[in-house]
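Residue-level structure breakdown
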Amino acid sequence: MPEVLSKPSAESTLLELDERLKGRPKICSDCGLCGSSLRPLMAQSCTFVQNHVAEVELRLHGRTRQPGDELLFGIYREMYAARIPKPPSNAQWTGIVTTLGAKLLEQGLVEGVLTTRAVPGTRFAPQPFLARTPEEVRASAGNKPCISPGLSLLDEAQALGLKRLAFIGTGCQVQMLRALEPRLDFTKLYVIGIPCSDNVAYPDQLRFLKIISRSPATIVHQEFMQDFRLWMRHEDGKVEKVNFVDFPMDKIGDIFPPSCLACFDYPNALADLTIGYMGAPFGWQWLMVRTTLGAELFNLIKPDLEFTPLTVGGNRREGVSRYVGMLAKKPGRPPALIRKFVAFLQRWKGAKGLEFARSIIEMKLLRNLQYLRQNFPTHEGKIVPYHVYEALEPYAPAYRQAFGREMEEEKRKGE
Ligand SMILES: Cc1cc2nc3c(=O)[nH]c(=O)nc-3n(C[C@H](O)[C@H](O)[C@H](O)COP(=O)(O)OP(=O)(O)OC[C@H]3O[C@@H](n4cnc5c(N)ncnc54)[C@H](O)[C@@H]3O)c2cc1C
Ligand code: SF4
Ligand code: SF4
């Protein structure tokens, strides 16, 4: 096994990706495990070595996923669209995640909350942080849209003798945490998951904003919105919006780490409670209660929330099938007029609400399956979880036509 470097997390997230992951396996999201004393457990715990989705689902739920939405969203008991009516000003959306983390500490349900604040002097460089007070959790609100070694602080939590902990993190971090959980010494571990589309190393994030924005230095908040645009809010309160189809991919290049291109857990399916936005109507947050602990978390935050019905709009099938065809072609940027038309169609005709969430999860599964097949063909049987092939089954004909091979061939080999 290659030597694994451990670096202090505060500085490591400022490094270029290559330098940061030096000595690591080629597919690594720097989840933090290998920067901790748990490193010897990497081979058994890393989802990019061997995924443990079915095993963890059996442990958490006593079953694996049923056909339908669970194949895409993961196992859930209840699903809501909700928001905090008066959100804290530093929140990414309405601050449900950090308000919940703060409440856990206020009510003495946990002794610490593992969260991610910004490296001092930066807006978006992530620094994993073990918060011990509600104020510290609230201060960590807002996305730092970069890969972050959150699990590195499990050492600190264990050294302090904490027995009741809440962890807030992305899908890959949660996958490793769940695989490790039976070996950890916590009596209570609440896992609050945020969905995660794609992520980048911090220097790549800075480069991306420089290319995309008219004023990268003044951006205080950014989000990839359901209207197929990136919204960037500046210090003066103005919001700059750029259509996804207008991103100059030739200039941006391959900024996503191999881990995010080999990741099959967009909705953070192994969390107790997932809190995102993409399945909710515009302006609302999307909550999936998954476990008994998730129900406990939800009941704790419920009095702070207002609710709206979940909605479904449009039909994703045709668009996602077209996407399969696009995956097989060389990426290129259409002329400006066509891009304008595509952006218009996406906004007005595109899938909405839960159908939007289904479509972007499917597209990520398809893109990543293809990425693995092209770049790490021997890893497919270990990294791709069982549910992916069944979830993508409706696109098998489009896949066959685009790539001249079967979508499910790896699964069939194992049968
Ligand atoms: C890289 C990234 C991509 C995302 N993509 C999607 C998406 O496609 N669809 C979707 O529905 N939701 C996505 N989310 C989640 C979403 O943007 C919000 O974070 C979530 O809805 C919570 O909002 P909030 O206002 O309740 O959070 P807040 O109360 O503002 O709290 C945000 C929490 O996020 C944590 N956090 C911030 N940055 C990181 C990081 N880099 N790694 C780990 N934890 C971090 C902080 O610790 C904090 O606790 C993404 C988040 C990140 C970090
Ligand atoms: S993703 Fe995490 S567990 Fe896997 S190699 Fe990287 S740091 Fe280690
Ligand atoms: S896309 Fe997946 S691998 Fe990348 S940071 Fe998000 S959860 Fe982790």
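Check the entry above for the structure.
A few points on the structure.

Rules used in this analysis
- Residues numbered from 1 in each chain as written.
- Chains lettered and ligands numbered in written order.
- Predicted model: local features only at pLDDT ≥ 70, side-chain atom pairs only at ≥ 80, totals over all residues.
- Heavy atoms only, no water.
- Helix = DSSP H or I, 4+ residues; strand = E, 2+ residues; numbered from the N terminus.
- Rg over C-alpha atoms; globule rule 2.2 N^0.38 Å.
- Buried < 20%, exposed > 50% of the residue type's maximum accessible area, 1.4 Å probe, protein only.
- Areas by Shrake-Rupley, 256 points an atom, 1.4 Å probe, with all protein chains shown as cover.
- Contact = heavy atoms within 4.5 Å.
- Polar contact = N/O pair within 3.5 Å; in protein donor to acceptor, adjacent residues only side chain to side chain.
- Near = heavy atom within 4 Å.
- 1 Å grid on protein atoms, 1.4 Å probe; cavity = no way out; pocket = protein on both sides within 12 Å on 5 of 7 lines; lining within 4 Å.
- Sits in = over half its atoms within 2 Å of the grid points.
- Nonpolar A, V, L, I, M, F, W, Y, C, P; charged D, E, K, R; others polar.
- Axes fitted to C-alpha atoms, helices over the stretch in contact; angles between N-to-C directions.
- Parallel < 35°, antiparallel > 145°, perpendicular 65-115°, else oblique.
- Left-handed = near helix turned anticlockwise from the far one by under 90°.
- Arc of directions from axis to C-beta.
- Pairing = 2+ DSSP bridges.

Attention now goes to the overall build of the protein. Looking only at helices and strands, the protein features 20 helices and 13 strands. Computed over the C-alpha atoms, the radius of gyration of the protein is 20 Å, within 12% of the 22 Å expected from 2.2 N^0.38 for a compact globule of 415 residues. Summarising its shape, the C-alpha atoms of the protein cover approximately 55 × 55 × 45 Å along the three principal directions. Counting the 415 residues in the protein, one finds 55% classified as buried. When the accessible surface of the protein is summed, it comes to about 18200 Å², and 54% of that surface belongs to carbon and sulfur atoms.

The next subject is the environment of His 234. The topology assignment puts His 234 in strand β7 (residues 229-234). Residue classification places His 234 among the buried positions, given a relative accessible area of 3%. Residues in contact with His 234, not counting those within four places in the same chain, are Ser 213, Arg 214, Ser 215, Thr 218, Ile 219, Val 220 and Glu 240. Side chain to side chain, His 234 and Thr 218 meet in a polar contact 2.7 Å long.

Next up on the list: the site of ligand 2. Every residue lining ligand 2 is accounted for by Arg 24, Pro 25, Cys 28, Ser 29, Asp 30, Cys 31, Leu 33, Cys 34, Met 42, Cys 46, Phe 48 and Met 176. In a pocket analysis with a 2 Å cut-off to the grid points, ligand 2 is assigned to the largest cavity. Taken together, the residues of the shell around ligand 2 break down into nine nonpolar, one polar and two charged.

This paragraph deals with the packing of helix α14 (residues 317-327) against helix α16 (residues 354-375). Packing of α14 against α16 leaves a shortest axis separation of 10 Å and a crossing angle of 20 degrees. Relative to α16, the element α14 is oriented roughly parallel. In this structure, α14 meets α16 at a crossing whose hand is right-handed. Along its contact with α14, which presents Arg 317, Val 320, Tyr 323, Val 324 and Leu 327, the element α16 presents Ser 359, Glu 362, Met 363, Leu 366 and Arg 367.

Buried within helix α4 (residues 53-61) are the following residues: Val 53, Val 56 and Glu 57. Angular distribution of buried residues about the axis of α4 spans 100 degrees; they occupy a single face of the element. Structurally, α4 contributes buried residues whose contacts are with α9 (171-180) and α18 (387-391).

Among the seven residues of strand β2 (residues 112-118), five are classified as buried, and the element is accordingly described as predominantly covered. Where β2 and strand β4 (residues 164-169) come together, three bridges link them in parallel fashion. Note on β4: the bridge partner recorded for Val 113 is Ala 166. Summarising the sheet, β2 and strand β3 (residues 126-131) pair through six bridges and their orientation is antiparallel. Pairing of Thr 115 across the sheet is with Phe 129, part of β3.

Another aspect to go through is the sheet that holds strand β5 (residues 188-193). Taken together, the eight strands give an open sheet; going across it, the order is β3-β2-β4-β5-β9-β10-β1-β11, and neighbouring strands pair in mixed fashion. Two strands close off the open sheet at either side, each with one partner strand: β3 and β11 (306-308). Sheet twist, expressed as the mean angle between neighbouring strand axes with direction ignored, is 30 degrees. Across the sheet, α9 touches β4 and β5, and the angle it forms with β4 is around 145 degrees.

Here we take up the side chain of Asn 51. Position of Asn 51 relative to the elements: it lies in the loop between α3 (42-45) and α4. By relative accessible area, Asn 51 is classed as buried at 12%. Engagement of the side chain of Asn 51 in a polar contact is seen with the backbone nitrogen of Val 53, the distance being 3.1 Å. Excluding anything up to four places from it in sequence, Asn 51 contacts Lys 382, Ile 383, Val 384 and Pro 385.

Direction of pairing for strand β6 (residues 219-224) relative to β7: antiparallel, over a ladder of five bridges. Within the sheet, the bridge partner assigned to Phe 224 lies in β7 and is Leu 230. The turn joining β6 and β7, which pair antiparallel and follow one another in sequence, is formed by four residues; a positive phi near 65 degrees is taken by Phe 228.

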